[in-house]
Amino acid sequence: MPSQPSDVSYTVPGMNTQDSRRIIELLQMRLHSLNDLHLTLKHIHWNVVGPHFIAVHEMIDPQVDKVRDMTDDLAERISTLGGEPDGTPGALVRERTWDDYSIGRAEAIEHLGALDLVYTSVIEDHREAMKETETSDPVTQDILIEQLRGLELFQWFVRAHLESSGGKLSTRGATTETDAADRAAEQARTQP
């Protein structure tokens, strides 16, 4: 469970401190999520193997860089609202509501299958935060919308590897990263 923002003694003009505290709380969880995502992406970058190694290896690094930029935007918004961003590993592990990425050294398609589920979770939570800030803080909402644009694009890059020519997504219905990895590998073995 996220820690409560420390007492906010000031915020941006036109916003009350109660709304500011709630937005800081939302942004802190988004910060944890994106910090976790950029570490997961780097983990995949280091542990991908197989015939599509170089394509996935090189596709991931620009995503890492963009996601890191997103974390900086969120941390700076937290500070702007009068909060104190917490980017420490301890806070991330203590406050997150998800498990560590579960795939180690694996074929590119397996990592992409698991990564599809990771992106889905991050995007869904980002969308919820975006909806919650619509009335109270359209500036924060704008930041989240821009980040969603990038995250959804990155998921499309991943999904392009997981989609059959008939439009079927191999990870459809998967509920765990391992299941998604297995389904992606199975589709890759059976499609021409």
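Computed from a prediction, not measured in an experiment: that's the story for all the values here. (Residues numbered from 1 in each chain as written. Predicted model: local features only at pLDDT ≥ 70, side-chain atom pairs only at ≥ 80, totals over all residues. Heavy atoms only, no water.)

1. Here's the deal with the packing of helix α4 (residues 108-132) against helix α6 (residues 177-190)
Relative orientation of the contacting elements α4 and α6 amounts to 135°, with a least axis distance of 7 Å. Considered as vectors, α4 and α6 are oriented oblique to each other. Between α4 and α6 the crossing geometry is right-handed. For the pair formed by α4 and α6, the contact residues are I109, E110, G113, A114, L117 and V118 on the first element and E177, A180, A181, A184, A185 and A188 on the second. Of the residues belonging to the contact of α4 with α6, the class tally is nine nonpolar, one polar and two charged. (Axes fitted to C-alpha atoms, helices over the stretch in contact; angles between N-to-C directions. Helix = DSSP H or I, 4+ residues; strand = E, 2+ residues; numbered from the N terminus. Parallel < 35°, antiparallel > 145°, perpendicular 65-115°, else oblique. Left-handed = near helix turned anticlockwise from the far one by under 90°. Contact = heavy atoms within 4.5 Å. Nonpolar A, V, L, I, M, F, W, Y, C, P; charged D, E, K, R; others polar.)

2. Describing the nonpolar core
Membership of the largest hydrophobic core comes to 47 residues, with the highest contact counts inside it found for L34, L37, L41, I60, L115, Y119 and L151. Sorting the residues of this core by element identifies α1 (17-47), α2 (53-80), α4, α5 (138-160) and α6 as the ones contributing at least two each. Among the elements that take part in this core, α4 stands out by supplying 11 residues, more than any other. The contact partners of L34, leaving out residues within four places of it in the chain, are V67, M70, T71, L74, V122, H126, Q147 and L151. (Core = buried A, V, L, I, M, F, W, Y, C linked by side-chain atoms within 4.5 Å. Buried < 20%, exposed > 50% of the residue type's maximum accessible area, 1.4 Å probe, protein only.)

3. Observations concerning a negative patch on the surface
A surface patch of negative charge is lined by D65, D69, D72, D73 and E76. Structurally, E76 is set in helix α2. Here E76 falls in the partly exposed class, since its relative accessible area comes to 44%. (Patch = residues over 30% accessible without salt bridge, like charges linked within 9 Å, V, L, I, M, F, W, Y side chains within 5 Å. Areas by Shrake-Rupley, 256 points an atom, 1.4 Å probe, with all protein chains shown as cover. Salt bridge = Lys/Arg side-chain N within 4 Å of Asp/Glu carboxyl O. Lys, Arg positive; Asp, Glu negative; His and termini not counted. Charge placed at Lys NZ, Arg CZ, Asp CG, Glu CD.)

4. What about the side chain of D137?
Within the secondary structure layout, D137 lies in the loop between α4 and α5. At a separation of 2.9 Å, a polar atom in the side chain of D137 contacts the side chain of R77. (Polar contact = N/O pair within 3.5 Å; in protein donor to acceptor, adjacent residues only side chain to side chain.)

5. Comments concerning α6
For α6, built from 14 residues, the straight-helix expectation of 20 Å at 1.5 Å per residue is met to within 8% by its first-to-last C-alpha distance of 20 Å. The elements touched by buried residues of α6 are α4. (Expected span 1.5 Å × (residues − 1).)

6. A closer look at the pattern of salt bridges
Inspection of the entire model under this criterion finds 13 salt bridges. Notably, a salt bridge pairs K42 with D61, separated by 2.6 Å at the nearest N-O pair. Linking K42 in helix α1 with D61 in helix α2, this pair joins segments that are 19 residues apart in sequence. By relative accessible area, K42 is classed as buried at 19%.

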